[in-house]
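The lines below spell out each chain.
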Amino acid sequence: MKSYSLFELNEYIKRVIALNFEEAIWIKAEISQVKESRGNVYIDLIQKDEKDDSVIAQASAAIWYKSLLFIKKKLGELTNSILQDGIEVNVKVKVGFHERYGMKLSIEDIDASYTMGQVEINRQKIIERLKKAELLDRNAMTYIPPVLQRIAIIASETSAGYKDFEAQLAHNGYGYVFHTTLFHVAVQGRSTSSEVSAALKEIHAREDEYDVAIIIRGGGSKIDLSGFDDYNIGHAIATNKVPIITGIGHEIDLSVADIVAHTYLKTPTAVANYIIDHNLNFESEIDFLSQ
């Protein structure tokens, strides 16, 4: 019985792959993990089953230094936004095989338009799902008190947006005092959905403790903010007994979170000004009545 060594087998596989993949090809996949080391980027790519989200294919890929320079020159700041866990990508890869290290995909280019399109398709599907469940306007019908003092804040404690919001409230020109409770969450990446949803559920359970809840995040690209185009977040906002105000730094399109919220504003500072003006309107009405 003839037997081959492992090296001979792998060397044969290497020749077969080299003969069948002479040119780089485009493949679609999801990024599951990203690491950067010494100017190179190492990525785990996966494909999930459309029915149950189970992983049906997986491969390791790398963006070598020269290719990374080319991609960054082409895409600019969008590069870092795309190279994130959970992002759908269409990448141009050179397929290679090493006798010791196995198959490796070398990424030479990234189709940003594909990723942007997938983000928008996902957003529209979620909006339609919430619409069918008659949840788009549900939180907008919650009662918002005439004076807002007890505020639940869903944000990243290290973000500039959160600090701007707190500073704006603290230095308001009317001497209003606010009592804020921070629910620290990730505002970008794969954990955004679970952490923001959990915070919203806790606020819902403690509804008597808050006049209003806010979700704030500083500016970013459409992909950076895509974490808020999430069904679980949208459902948790829509069904919340506490009115939700969003200040997510988007440029043009509204996120799913904005659409289902009681009130949406463009920035964290705008949310702070809204709350101050809301209380000022009540005080002005009282002054008018007293006169």
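Shown above is the structure to which this text applies.
Residues numbered from 1 in each chain as written. Predicted model: local features only at pLDDT ≥ 70, side-chain atom pairs only at ≥ 80, totals over all residues. Heavy atoms only, no water.

Turning our eyes to something else, we now look at the overall build of the protein. Helices and strands together make up the secondary structure of the protein, namely 9 helices and 10 strands. The C-alpha atoms of the protein give a radius of gyration of 25 Å, which is well past the 19 Å a tight globule of 291 residues would have. Counting only C-alpha atoms, the protein reaches 100 × 35 × 30 Å along its principal axes. Of all intrachain contacts in the protein linking residues separated by at least 6 positions in sequence, the fraction that spans at least 24 positions is 69%. Carbon and sulfur atoms make up 52% of the accessible area of the protein, which amounts to about 16,400 Å² in all. Averaged over its 31 positive side-chain charges, the protein has a centre that lies 9 Å from the centre of its 41 negative ones. (Helix = DSSP H or I, 4+ residues; strand = E, 2+ residues; numbered from the N terminus. Rg over C-alpha atoms; globule rule 2.2 N^0.38 Å. Contact = heavy atoms within 4.5 Å. Areas by Shrake-Rupley, 256 points an atom, 1.4 Å probe, with all protein chains shown as cover. Lys, Arg positive; Asp, Glu negative; His and termini not counted. Charge placed at Lys NZ, Arg CZ, Asp CG, Glu CD.)

Let us now look at the environment of Lys 14. Structurally, the position occupied by Lys 14 is in helix α1 (residues 6–20). Residue classification places Lys 14 among the partly exposed positions, given a relative accessible area of 36%. Taking the C-alpha atoms as reference, Lys 14 lies 58 Å from Asp 137; in sequence the two are 123 residues apart. Apart from residues no more than four positions distant in its own chain, Lys 14 is found in contact with Phe 97 and Glu 99. (Buried < 20%, exposed > 50% of the residue type's maximum accessible area, 1.4 Å probe, protein only.)

Moving on, we get to the layout of surface pockets. A volume near 1,400 Å³ is recorded for the largest pocket. Going through the elements one at a time, β1 (25–37), β2 (40–48), α4 (112–132), α6 (192–205) and α7 (231–238) are the ones with two or more residues in the lining of the largest pocket. Ranked by residues supplied to the lining of the largest pocket, first place goes to α4 with 9 residues. A breakdown of the residues in the lining of the largest pocket according to their chemical character gives 10 nonpolar, 14 polar and 14 charged. (1 Å grid on protein atoms, 1.4 Å probe; cavity = no way out; pocket = protein on both sides within 12 Å on 5 of 7 lines; lining within 4 Å. Points joined across faces, edges and corners; volume = space filled by probe spheres on them. Nonpolar A, V, L, I, M, F, W, Y, C, P; charged D, E, K, R; others polar.)

A few words on helix α9 (residues 268–290). For α9, which comprises 23 residues, the first-to-last C-alpha distance of 34 Å matches the rise-based estimate of 33 Å (1.5 Å per residue) to within 8%. Within α9, burial applies to Pro 268, Val 271, Ala 272, Ile 275, Ile 276, His 278 and Asn 279. Buried residues along α9 sit against β6 (150–155), α5 (160–170), β8 (212–217), β9 (244–248) and β10 (263–265). (Expected span 1.5 Å × (residues − 1).)

Its place among the elements puts Arg 217 in strand β8. Asp 224 provides the closest opposite charge to the buried, unpaired Arg 217, separated from it by 5.0 Å. At 3.0 Å, the side chain of Arg 217 and the backbone oxygen of Val 187 are in polar contact. (Salt bridge = Lys/Arg side-chain N within 4 Å of Asp/Glu carboxyl O. Polar contact = N/O pair within 3.5 Å; in protein donor to acceptor, adjacent residues only side chain to side chain.)

Turning our attention to the sheet that holds β10. Across the sheet, 5 strands lie side by side as β7-β6-β8-β9-β10; this open sheet has parallel pairing. Only two strands of the sheet have a single partner each, and these edge strands are β7 (179–184) and β10. Strand-to-strand, the axes of this sheet are offset by a mean angle of 20 degrees, without reference to chain direction. With 5 bridges joining them, β8 and β9 adopt parallel strand pairing. Residue pairing in the sheet places Arg 217 in a bridge with Ile 248 of β9. This element, α6, spans β6, β7, β8 and β9 of the sheet and lies at about 165 degrees to β6. (Pairing = 2+ DSSP bridges. Axes fitted to C-alpha atoms, helices over the stretch in contact; angles between N-to-C directions.)

On to the pairing of β8, then. Most of β8 sits out of view: 6 of its 6 residues are buried. Across the two faces of β8 the burial is the same, with Val 212, Ile 214 and Ile 216 and Ala 213, Ile 215 and Arg 217 all buried. Examined bridge by bridge, β6 and β8 share 4 bridges and lie parallel to one another. What sits directly across from Ala 152, in β8, is Ala 213.

Here we come to the sheet that holds strand β3 (residues 55–63). Read once around its circumference, the closed barrel built from 5 strands follows the order β1-β2-β3-β5-β4, with strand pairing classed as mixed. Mean inter-strand twist for the sheet, computed between neighbouring axes without regard to direction, equals 50 degrees. Sheet analysis places β2 next to β3, joined by 8 bridges and oriented antiparallel. Counted as the bridge partner of Gln 47 is Ala 57 from β3. Strands in contact with helix α2 (residues 65–75) are β1, β2, β3 and β5 (102–110); relative to β5, the strand with the most contacts, it is inclined by about 30 degrees.

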